[in-house]
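Spelled out, the chains give:
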Amino acid sequence: MSDGPSPAELAGYVRVARDHREHERYHSVLKLEESAAWRRDSNALKLLAARWSDSPAPDRLDPAHGAVGCVDLNDPAVVATTGILFMEGESEPAEITSLRSRFEQAAVRYQRLSGWLGEHMAAEWPRLRSLLVPDLVEAARPRFRALTRTTEAANAYSLVARLLDSAVHALKAQDLTPEGVRRDPAAAAKMVLTASWFLDSAASALAEAGAQLGLSDPDWTSFIALAEA
């Protein structure tokens with residue numbers, strides 16, 4: 001039967017808990033903020049899809065008259081809030097290129113984060129078993145609750161990465177130049193709307209992970225107090 005951690009080891013657990021409590025306070029907010037930003041991007045795609053699904057016949061002006069917007073493709077609310085503006089004679093809007101690139105990078109980032117965090121949590125489960133002794137078992141309970149949530153976060157980040165990657169794939173599969181959208185506006189709308197749905201799911205998964213991390217705050221505090229006692 002284990003006698004539990006030494007005083008020095010227990011003090012180390014407490015220092016780690018203090019650091020991770022503060023770190024998760026930051027990340028619980030960051031994940032909610034990032035999720036909200038993704039939903040705003042997703043909403044813009046929904047508006048474009050709605051516009052293209054009920055698009056009038058193109059009313060084009062010659063680009064020789066200046067920088068002319070595509071009346072049949074642009075949504076005023078999207079232009080005002082995101083800057084996405086389809087222009088006659090131009091390629092896909094730079095804002096869409098940037099949006100797709102941001103999600104592509106986020107997918108890579110969250111896949112890496114999932115692997116890194118999952119590896120560390122896999123090591124924590126056997127390490128913290130030393131707390132499962134009569135003198136420390138009450139402190140072990142909140143510590144393992146926090147560990148459970150962080151492990152769930154690692155799993156959630158992998159799902160987030162897959163959803164973002166699927167959204168990027170849908171956006172890449174559709175020609176989003178003015179001429180590409182005009183070839184089949186209804187089909188383009190379906191592809192963009194599908195990407196939006198993937199983004200909604202990724203945002204929801206990330207928001208839930210962030211909210212769950214926030215719930216660990218009292219568990220970290222309880223563990224620190226009980227362990228020090």
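Data block above holds the structure.
Here goes a summary of the coordinates provided. Given the structure is predicted, the values throughout are model-derived calculations rather than measurements. The residue numbers shown here count from 1 along each chain, following its written sequence. In keeping with the model being predicted, local features are shown solely for residues with a pLDDT of at least 70 and side-chain atom pairs are shown and tallied solely at 80 or more, while totals for entire chains, interfaces and linings include all residues. Note that the side-chain values use all heavy atoms of the structure and ignore hydrogens as well as water.

Topic: the overall build of the protein
Inference 1: A count of helices and strands for the protein gives 7 helices and 0 strands.
Inference 2: Helix and strand definitions here come from DSSP, where helices need a minimum of 4 consecutive H or I residues and strands a minimum of 2 consecutive E residues; each element is numbered from the N-terminal end. Going residue by residue from the N terminus, the α and β elements of the protein occur as α-α-α-α-α-α-α.
Inference 3: Note that the radius of gyration is over C-alpha atoms, with the globule rule given as 2.2 Å times the number of residues to the power 0.38. Computed over its C-alpha atoms, the radius of gyration of the protein comes to 24 Å, more than 25% above the 17 Å expected for a compact globule of 229 residues.
Inference 4: Contact definition: two residues touch when any of their heavy atoms are within 4.5 Å. Contacts in the protein between residues far apart in sequence, at least 24 positions, make up 75% of those at least 6 positions apart.
Inference 5: Here, Shrake-Rupley sampling with a 1.4 Å probe gives the accessible areas, and only protein chains in the shown set may cover a residue. Of the accessible surface of the protein, which amounts to about 12100 Å², a share of 57% is contributed by carbon and sulfur atoms.
Inference 6: Neither His nor the chain termini are counted; the positive set is Lys and Arg, and the negative set is Asp and Glu. Every charge is mapped to an atom, namely NZ of Lys, CZ of Arg, CG of Asp or CD of Glu. Measuring between centres, the 25 positive side-chain charges of the protein sit 3 Å from its 32 negative side-chain charges.

A closer look at the layout of surface pockets
Inference 1: Considering only enclosed or pocket space, the largest pocket measures out at about 380 Å³ in volume.
Inference 2: Contributions of two or more residues to the lining of the largest pocket are made by α1 (7-53), α3 (94-127) and α4 (137-173).
Inference 3: In terms of residue count, α3 provides more of the lining of the largest pocket than any other element does, 8 residues in total.
Inference 4: By residue class, the composition of the lining of the largest pocket is 11 nonpolar, 5 polar and 5 charged. Put plainly, a pocket is an open set of points on a 1 Å grid over the protein atoms alone with protein on both sides within 12 Å along at least five of seven lines, a cavity is a set where a 1.4 Å probe fits but cannot get out, and a lining residue has an atom within 4 Å of a point. Grid points are joined across faces, edges and corners, and a volume is the space filled by probe spheres set on the points. Residues are grouped as follows: Ala, Val, Leu, Ile, Met, Phe, Trp, Tyr, Cys and Pro are nonpolar; Asp, Glu, Lys and Arg are charged; all remaining types, including Gly, are polar.

Focus on the packing of aromatic side chains
Inference 1: A pair of aromatic rings is counted whenever rings of Phe, Tyr or Trp (Trp by its six-membered ring) have centres within 6.5 Å, and the orientation is called stacked for planes under 30 degrees apart, edge-to-face for over 60 and tilted otherwise. This structure, assessed with the given rule, holds 5 aromatic pairs.
Inference 2: Between Trp 38 and Phe 103 the ring centres are 6.0 Å apart and the planes differ by 65°, which places this aromatic pair in the edge-to-face class. Taken together, the residues Trp 38 in helix α1 and Phe 103 in helix α3 connect sequence positions 65 residues apart. Accessibility assignment for this pair places Trp 38 and Phe 103 in one class, buried.
Inference 3: Plain terms: the ring middles of Trp 38 and Tyr 110 are 5.9 Å apart, the flat faces sit at 80° to each other, and that makes the pair edge-to-face. Taken together, the residues span a long stretch of sequence, with Trp 38 in helix α1 and Tyr 110 in helix α3 at a distance of 72 residues.
Inference 4: Per-residue accessibility, obtained with a 1.4 Å probe over protein chains only, is compared with the maximum for each type, and a residue is labelled buried under 20%, exposed over 50%, and partly exposed between these values. The class of Trp 38 is buried, set by a relative accessible area of 5%.
Inference 5: For Tyr 110, a relative accessible area of 1% corresponds to the buried category.

Considerations on the pattern of salt bridges
Inference 1: Salt bridges, as used here, are contacts in which a Lys or Arg side-chain nitrogen is within 4 Å of a carboxyl oxygen on Asp or Glu. Across all of its chains, the model carries 18 salt bridges by this definition.
Inference 2: Note that Arg 18 is salt-bridged to Glu 228, the shortest N-O span being 2.7 Å. Remark: Glu 228 occurs in helix α7 (residues 217-228) and Arg 18 occurs in helix α1; sequence separation between them is 210 residues.
Inference 3: Close ionic contact of Arg 182 with Glu 179 constitutes a salt bridge, the shortest N to O distance being 3.6 Å. Highlighted residues: Arg 182 and Glu 179, both in helix α5 (residues 178-183), separated by 3 residues, approximately one helical turn.
Inference 4: On the accessibility criterion, Glu 179 (40% relative accessible area) is partly exposed.

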